[in-house]
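# Topology and contacts: notes
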Amino acid sequence: KQWYQRRVAITAGNATVILGNNGFVWVGPHFSPDQPIEAFTINSRETIARLSNVIRALAAYGVQLFDTIILTAYDISMKYKVKELLNAEVMEHVAQESYEHSLHQNL
């Protein structure tokens, strides 16, 4: 049976990324059905914004989205402020470095 979505749980900052087979990507707070939903903190919002910006950068430069490359790009993006990730040069750097890292991992 075909899966309609792949769920990728990003543990940094309690954020979750869901990669849909239809090309849609959802980024939001990580929650568990058996625990009450907590209020957003500034750190949670920054993590969600960082993940969103990283995914935008990867998509803008045609990098295929997988959990490992998203995590790699997230780690690379930590040297920038969240707002700086919207800069075209920073987006290109994050996407290119993530892609090159994934190539070296698959050798």
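Residues numbered from 1 in each chain as written. Predicted model: local features only at pLDDT ≥ 70, side-chain atom pairs only at ≥ 80, totals over all residues. Heavy atoms only, no water.

Within the protein chain one finds three helices and three strands. N-terminal to C-terminal, the α/β element order of the protein chain is β-β-β-α-α-α. Looking at the protein chain as a whole, 36% of its 107 residues qualify as buried. Sequence separation of 24 or more characterises 44% of the internal contacts of the protein chain that already satisfy a separation of 6 or more. Accessible surface computed for the protein chain: about 7,600 Å², of which carbon and sulfur atoms make up 54%. (Helix = DSSP H or I, 4+ residues; strand = E, 2+ residues; numbered from the N terminus. Buried < 20%, exposed > 50% of the residue type's maximum accessible area, 1.4 Å probe, protein only. Contact = heavy atoms within 4.5 Å. Areas by Shrake-Rupley, 256 points an atom, 1.4 Å probe, with all protein chains shown as cover.)

With that settled, the discussion passes to the pattern of salt bridges. Scanning the entire structure with this criterion turns up one salt bridge. Across the salt bridge formed by Glu97 and Lys79, the nearest N and O atoms sit 3.9 Å from each other. One end of the pair, Glu97, is in helix 3 (residues 88-105); the other, Lys79, is in the loop between helix 2 (67-77) and helix 3, with 18 residues separating them in the sequence. (Salt bridge = Lys/Arg side-chain N within 4 Å of Asp/Glu carboxyl O.)

To continue, consider the packing of aromatic side chains. By the definition in use, this model includes one aromatic pair. Summarising the aromatic geometry, the rings of Phe24 and Trp26 are spaced 6.0 Å apart at their centres and angled 35° between planes, so their arrangement reads as tilted. Overall, Trp26 belongs to the partly exposed group, its relative accessible area being 43%. (Phe/Tyr/Trp six-rings, centres within 6.5 Å; stacked < 30°, edge-to-face > 60°.)

Below, the discussion takes up the layout of surface pockets. One number sums up the size of the largest pocket: a volume of about 300 Å³. Around the largest pocket, the lining is made up of 14 residues, and of these Asn14, Pro29, His30, Phe31 and Glu38 lie nearest the centre. Residues of the lining of the largest pocket, tallied by class, amount to six nonpolar, seven polar and one charged. (1 Å grid on protein atoms, 1.4 Å probe; cavity = no way out; pocket = protein on both sides within 12 Å on 5 of 7 lines; lining within 4 Å. Points joined across faces, edges and corners; volume = space filled by probe spheres on them. Nonpolar A, V, L, I, M, F, W, Y, C, P; charged D, E, K, R; others polar.)

Within the fold, Arg50 resides in helix 1 (residues 42-60). Setting aside chain neighbours within four positions, we find Arg50 in contact with Tyr74, Ser77, Met78, Tyr80, Lys81, Val82 and Leu85.

Turning next to the pairing of strand 3 (residues 25-29). Look at any regular strand and the pattern is simple: side chains alternate between the two faces of the sheet. One ladder, built from five bridges, connects strand 2 (residues 15-20) with strand 3; its direction is antiparallel. Bridged to Leu19 within strand 3 is Val25. Remark: four residues form the turn of the hairpin made by strand 2 and strand 3, two consecutive strands paired antiparallel; Gly23 in that turn has positive phi of roughly 100°. (Pairing = 2+ DSSP bridges.)

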